[in-house]
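Single-letter residue listing:
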Amino acid sequence: MSKNVSSDRFRKVDVDEYDENKFVDEEEGGENQQGPDEGEVDSLIRQGNVMGALQAVLKNPPMNTKNQALKDRAEGLVLKVLSSFKSGDIEKAVQSLDKNGVDLLMKYIYKGFEQPTENSSAVLLQWHEKALSAGGVGSIVRVLTARKTV
Amino acid sequence: MSYYNFLLEPISCHAWNKDRTQIAICPNNHEVHIYKKEGGDKWSKIHELKEHNGQVTGIDWAPESNRIVTCGTDRNAYVWTLKGNVWRPTLVILRINRAARCVKWSPKENKFAVGSGSRLISICYFEQENDWWVCKHIKKPIRSTVLSLDWHPNNVLLAAGSCDFKCRVFSAYIKEVDEKPAATPWGSKMPFGQVMAEFGGAGSGGWVHSVSFSVSGNRLAWVSHDSTVSVVDAAKSMIVSQLKTEYLPLLSVIFVSENSVVAAGHDCCPMLYNYDDRGTLTFISKLDIPKQSIQRNISAMERFRNMDKRATTEDRNSNLETLHQNSITQVSIYEGDKGDCRKFCTTGIDGAMTIWDFKTLESSIQGLRIM
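Peer 1: Just checking my understanding: could you explain the packing of aromatic side chains for this structure?
Peer 2: For any pair of aromatic rings, the description consists of the separation of the ring centres together with the inter-plane angle of the planes. Residue and element names in this part refer to chain B. A complete count under the given rule lists 22 aromatic pairs over all chains for this structure. Both rings, one in W186 and one in F199, keep their centres 6.4 Å apart while their planes meet at 70°; by these two values the pair is edge-to-face. Of this pair, W186 sits in the loop between β16 (166–171) and β17 (195–200) while F199 sits in strand β17, placing them 13 residues apart in sequence. Overall, the relative accessible area of 7% leaves F199 in the buried class. Put simply, the rings of Y4, F6, W16, Y35, W43 and Y334 touch in pairs and so form one group of aromatic residues.

Peer 1: Whenever I open this one, the pattern of salt bridges confuses me. Can you help?
Peer 2: Side-chain pairing between opposite charges can occur once the charged atoms of the two side chains come close. Residue and element names in this part refer to chain B. Under the definition given, this model contains 25 salt bridges over all chains. In this structure, K50 engages E48 in a salt bridge whose closest nitrogen and oxygen atoms are separated by 3.0 Å. Note that K343 is salt-bridged to E335, the shortest N-O span being 3.8 Å. On the basis of relative accessibility, which here comes to 23%, the residue K343 falls in the partly exposed class. One network of salt bridges, in which partners are shared, links E31, K45, E48 and K50.

Peer 1: Any chance you could explain the confidence of the model for chain B here in plain terms?
Peer 2: Considering every residue of chain B, the mean pLDDT works out to 91; 95% of them sit at 70 or more. Two numbers describe this predicted complex: its pTM, 0.90, and its ipTM, 0.86.

Peer 1: Hey, could you run me through the interface of chain A and chain B in this one?
Peer 2: By a widely used convention, the size of an interface equals the accessible area lost when the partners come together. Every contact between the two is made by 21 residues of chain A and, on the other side, 18 residues of chain B. Together chain A and chain B conceal approximately 1,600 Å² of surface at their shared face, both sides included; 53% is due to carbon and sulfur atoms. Looking at the side of chain A facing chain B, the largest losses of area belong to F23, E26 and R142 of chain A, adding up to 31% of the total buried there. One salt bridge in this structure joins D103 of chain A and K244 of chain B, with 3.8 Å as the shortest N-O distance. Taken together, chain A and chain B are joined by eight residue pairs in polar contact (both at pLDDT 80 or more). Of all the secondary-structure elements, those providing two or more residues to the side of chain A that touches chain B are α5 (99–114) and α6 (120–145) of chain A. For the side of chain A that touches chain B, the element with the most residues is α6 of chain A, which contributes eight residues.

Peer 1: Could you clarify how one ought to interpret the nonpolar core in this entry?
Peer 2: Side chains that are nonpolar tend, in soluble globular proteins, to be buried together. Core analysis: the largest hydrophobic core is formed by 32 residues, its most contacted members being L54, L82, F85, L105 and W127 of chain A. Those elements that provide at least two residues to this core are α1 (38–47), α2 (50–57), α3 (68–83), α4 (90–95), α5 and α6 of chain A. With residues up to four places along the chain from it excluded, the contact list for L82 of chain A reads L54, L105, V123, L124 and W127 of chain A. A159, M190, V211 and L220 of chain B belong to the second largest nonpolar core, which has 18 residues in total.

Peer 1: Whenever I open this one, the environment of D267 of chain B confuses me. Can you help?
Peer 2: Residues and elements named next belong to chain B. If you trace the backbone, D267 turns up in the loop between β23 (260–265) and β24 (271–275). On the accessibility criterion, D267 (22% relative accessible area) is partly exposed. Sequence-wise, D267 and Q325 are 58 residues apart; in three dimensions their C-alpha atoms are separated by 9.4 Å. Among residues more than four places away in sequence, those in contact with D267 are Y247, L248 and T322. From its side chain, D267 meets the backbone nitrogen of L248 in a polar contact 2.8 Å long.

Peer 1: Any chance you could explain the pairing of strand β11 (residues 111–116) of chain B here in plain terms?
Peer 2: A regular strand places its side chains on the two faces of the sheet in alternate fashion. Residues and elements named next belong to chain B. With six of six residues buried, β11 is to be regarded as a mostly interior element. Going residue by residue along β11, you find K111, A113 and G115 tucked away on one face and F112, V114 and S116 tucked away on the opposite face as well. Pairing analysis gives five bridges linking strand β10 (residues 100–105) to β11, with the strands arranged antiparallel. When the bridges of β11 are listed, C102 appears paired with G115. Of the strand pairs in this sheet, β11 and strand β12 (residues 121–127) are connected by five bridges, and their pairing is antiparallel. When the sheet's bridge partners are listed, G115 is paired in β12 with I121. A loop of four residues connects β11 with β12, the two strands running antiparallel in sequence, and R119 in this loop sits at a positive phi of about 60°.

Peer 1: Explanation requested: the sheet that holds strand β26 (residues 328–337) of chain B in the structure shown.
Peer 2: In any sheet, the strands associate via hydrogen bonds between backbone groups, in a parallel or an antiparallel arrangement. Residue and element names in this part refer to chain B. Within the open sheet, the four strands sit side by side as β1-β28-β27-β26. Their pairing is antiparallel. The open sheet is flanked by β1 (2–5) and β26, the only strands paired with a single partner. On average, adjacent strands in this sheet sit at an angle of 15° to one another, irrespective of strand direction. For β26 and strand β27 (residues 340–348), the ladder comprises eight bridges, and the chain directions are antiparallel. The residue bridging G336 from the neighbouring strand is C341, located in β27.

Peer 1: When you look at a negative patch on the surface in this model, what are you seeing that I'm missing?
Peer 2: On the surface, a cluster of negative charge is made up of D14, D16, D19 and E20 of chain A. Looking at where E20 of chain A falls in the secondary structure, it is placed in the segment before α1.

Criteria and cut-off values
- Residues numbered from 1 in each chain as written.
- Chains lettered and ligands numbered in written order.
- Predicted model: local features only at pLDDT ≥ 70, side-chain atom pairs only at ≥ 80, totals over all residues.
- Heavy atoms only, no water.
- Phe/Tyr/Trp six-rings, centres within 6.5 Å; stacked < 30°, edge-to-face > 60°.
- Helix = DSSP H or I, 4+ residues; strand = E, 2+ residues; numbered from the N terminus.
- Buried < 20%, exposed > 50% of the residue type's maximum accessible area, 1.4 Å probe, protein only.
- Salt bridge = Lys/Arg side-chain N within 4 Å of Asp/Glu carboxyl O.
- pLDDT = per-residue confidence, 0-100.
- Contact = heavy atoms within 4.5 Å.
- Buried area = accessible area lost by both parts, 1.4 Å probe.
- Polar contact = N/O pair within 3.5 Å; in protein donor to acceptor, adjacent residues only side chain to side chain.
- Core = buried A, V, L, I, M, F, W, Y, C linked by side-chain atoms within 4.5 Å.
- Pairing = 2+ DSSP bridges.
- Axes fitted to C-alpha atoms, helices over the stretch in contact; angles between N-to-C directions.
- Patch = residues over 30% accessible without salt bridge, like charges linked within 9 Å, V, L, I, M, F, W, Y side chains within 5 Å.
- Areas by Shrake-Rupley, 256 points an atom, 1.4 Å probe, with all protein chains shown as cover.
- Lys, Arg positive; Asp, Glu negative; His and termini not counted.
- Charge placed at Lys NZ, Arg CZ, Asp CG, Glu CD.

This is how it looks when you write it as structure tokens:
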């Protein structure tokens with residue numbers, strides 16, 4: 001077969017970057033988003049107040065920040081809280097959330113699916129079932145269409 | 001509910017004539033077919049409008065002047081006039097380099113607006129001296145395809161829903177055909193191309209599929225691909241009420257009274273929403289409640305037929321429970337107007353057209369009242 005002797009680096013150029021009409025999302029200042037408070041959430045879990053821990057961990061979602069470490073930390077914290085629930089209590093916990101809470105929970109659940117660990121998918125699937133019955137397919141559509149994710 | 005299945009192909013778009021005896025549809029190809037109502041539930045095709053070189057994406061039928069405007073993916077728009085018994089097209093140069101996506105006559109029928117993938121809106125008006133349709137462009141600050149348009153009753157303001165996640169109200173004032181418009185809650189200075197209001201975007205939100213002004217023009221509703229319905233009241237300081245639905249995204253929305261909105265989309269079912277004077281948007285009901293299907297015993301003949309056709313003896317019906325078997329892409333007023341609609345019409349990807357009667361709906365669905 002003939003071998004290409006000249007450079008083929010041009011094939012790897014991202015042409016979209018040079019498109020002057022390229023759509024760029026609006027920048028929204030999100031530098032002061034801390035993510036959920038780790039200390040508060042941990043102490044609530046230790047006290048056994050899992051419902052309170054859920055409310056706490058869904059505060060201050062790191063939506064607008066570009067800090068990946070912050071987002072990973074928030075996701076890990078959410079996973080910790082979700083795993084500390086007993087299966088029977090999940091439904092009640094989801095009912096206690098408002099519409100925005102269910103949407104946010106759905107975003108964290110799908111984020112968790114992206115990086116499965118030892119037992120995480122099983123736990124997340126249980127939560128997914130209950131969140132789906134509360135938020136409907138609309139909440140999943142909003143996970144897919146969100147420009148900024150947790 | 002009167003349900004009529006026109007074809008197996010999707011109906012890309014439809015438009016009614018003034019007295020609702022004729023409907024123009026695009027059967028997912030380059031043509032527009034006009035059907036006439038033949039008594040009872042029968043429709044017969046009376047005209048075929050063939051001029052476009054690409055799929056026809058928008059049709060609008062002006063009720064008073066009886067002209068049809070069509071636009072398509074061939075980047076053209078045609079204005080059709082009925083001469084005798086034939087529809088004659090006039091080409092309109094839109095000066096766009098991408099497909100046209102939607103078209104709407106203005107209320108006075110002296111202009112029409114075309115939204116396109118070229119990230120702009122073409123406002124076209126007829127120039128008497130040259131006997132020719134000319135167009136002016138609204139470009140800034142649209143950053144993606146314009147999916148839907150709706151005119152304000154004052155013939156100057158135009159709402160546009162776009163793929164850049166925003167719903168905007170523009171001024172489409174043309175000094176050659178319009179008189180200076182009076183002040184409205186949307187603003188008082190309305191030079192051509194001025195953005196009177198902009199909603200949506202910023203991190204959340206999806207493509208805005210459809211927009212609708214209310215009959216007074218003070219309220220604007222839009223539906224977006226993130227499964228939300230939003231309404232804003234310009235007379236009440238432009239606060240947006242957004243409702244996040246649990247359903248699949250809606251594709252078309254229309255005001256049926258000053259306080260009520262009907263929307264339909266990928267769930268194949270029209271839904272009714274209410275916007276009260278305090279600014280709260282609530283979901284009232286789905287409007288396609290199927291009658292409970294009775295469990296029937298399957299006859300031996302059916303068992304063998306199922307075994308032959310589907311390799312199963314169970315009576316597993318793969319049809320949807322709703323009337324429409326696929327997404328509804330367009331909702332239009334059939335009887336009445338945006339302030340007091342008595343019947344509305346839906347067409348969709350299943351090639352079917354359904355006319356919905358609020359009187360029947362109010363009696364069959366418990367607690368349903370259009371306010």
